[in-house]
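Single-letter residue listing:
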Amino acid sequence: MRPRAITQQQEIEQVINKTDVCHVGMVDLNGMPYVLPFNFGYQDGVLYLHSGPEGKKIDIWKNNPNVCIAFSSDYLLRHQHDNVACSYSMKYKSVLMYGKIENIDDLEEKKRILNIIMKKYTGRDDFDYSLPALKNVRVFRIVPDRIEGKAYGY
């Protein structure tokens, strides 16, 4: 069985929306790959992330804002024969998103984005945020330059 490309926007968004945690890949200051898991929000083709105010990823993004984000869903172990190890495989769907990370400083925009993220995990988007909390959180936007998807076994 060969993987098939996922090209329909609806199926791409289905994979993204089924994913609980995305993995953000970047290149560190020494030219080495660096990948971190993130909670996220996704709306109207734009990905949103949040983090603490400082750290290695912030230093990396100041130097190189290019990122690759991985999403995956619909895992299912399958096999053709119980006793033949090579007959086992994992069904899955995955999406890779490429783009540049953009820091958001505007406090009203931060609130809007944080509510998008919260809605993904709680179903609600009507939260209140204190001024100190808004000033202490980093919020980021990624408008994709390219998206590619694959499905194996589906």
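Residues numbered from 1 in each chain as written. Predicted model: local features only at pLDDT ≥ 70, side-chain atom pairs only at ≥ 80, totals over all residues. Heavy atoms only, no water.

Visitor: Can you help me understand the overall build of the chain in this one?
Guide: Along the backbone of the chain there are four helices and eight strands. Counting helices and strands in the order they occur from the N terminus, the chain gives β-α-β-β-β-β-α-β-β-α-α-β. Taking the principal axes of the C-alpha coordinates as reference, the chain spans close to 60 × 40 × 30 Å. Looking at the 154 residues of the chain, the share that counts as buried comes to 36%. Considering only residue pairs separated by 6 or more positions, the chain has 69% of its internal contacts joining residues 24 or more positions apart. Approximately 9200 Å² of the chain is accessible, and the part contributed by carbon and sulfur atoms is 50%. (Helix = DSSP H or I, 4+ residues; strand = E, 2+ residues; numbered from the N terminus. Buried < 20%, exposed > 50% of the residue type's maximum accessible area, 1.4 Å probe, protein only. Contact = heavy atoms within 4.5 Å. Areas by Shrake-Rupley, 256 points an atom, 1.4 Å probe, with all protein chains shown as cover.)

Visitor: How do you make sense of the pattern of salt bridges when you look at a structure like this?
Guide: Side chains carrying opposite charge are able to pair once their charged atoms draw close together. Throughout the structure, instances matching the rule amount to 10 salt bridges. With a shortest N-O distance of 3.2 Å, E109 and R141 are connected by a salt bridge. On the criterion of sequence distance, the pair formed by E109 in helix α3 (residues 107-122) and R141 in strand β8 (residues 138-152) is long-range, its members being 32 residues apart. The exposure classification of E109 matches that of R141, with both residues buried. Taken together, the shared-partner salt bridges connect E102, E109, R112 and R141 into one network. (Salt bridge = Lys/Arg side-chain N within 4 Å of Asp/Glu carboxyl O.)

Visitor: Help me out: how do you make sense of the pairing of strand β2 (residues 22-27) in this one?
Guide: A regular strand places its side chains so that they alternate between the two faces of the sheet. Across six bridges, β2 lies against strand β3 (residues 33-38) in antiparallel orientation. The residue of β3 that forms the bridge with G25 is V35. Joining the antiparallel neighbours β2 and β3 is a turn of five residues, in which G31 adopts a positive phi near 80°. Relative to strand β6 (residues 66-79), β2 runs antiparallel, the two being bridged by three bridges. Along β6, the bridge assignment pairs H23 with A70. (Pairing = 2+ DSSP bridges.)

Visitor: Where do I start with the nonpolar core in this structure?
Guide: A general feature of soluble globular proteins is that nonpolar side chains tend to end up buried together. Ranked by size, the top nonpolar core spans 24 residues in total, and within it V24, L47, L49, W61, I69 and F71 carry the most contacts. Of all the elements in the fold, those that place two or more residues in this core are α1 (9-18), β2, β4 (40-43), β5 (46-51), α2 (56-63), β6, β7 (88-104) and β8. In contact with I69, other than residues within four places in its own chain, are C22, H23, V24, L47, V95, L96, M97 and I142. (Core = buried A, V, L, I, M, F, W, Y, C linked by side-chain atoms within 4.5 Å.)

Visitor: Before we go on, may I ask you to explain the side chain of K110 in this structure?
Guide: With respect to the helices, strands and loops of the structure, K110 is situated in helix α3. Despite its burial, K110 pairs with no opposite charge, the nearest such side chain being D105 at 5.4 Å. When neighbours within four sequence positions are excluded, K110 is seen to be in contact with I104, D105, L134, K135, V137 and V139. (Lys, Arg positive; Asp, Glu negative; His and termini not counted.)

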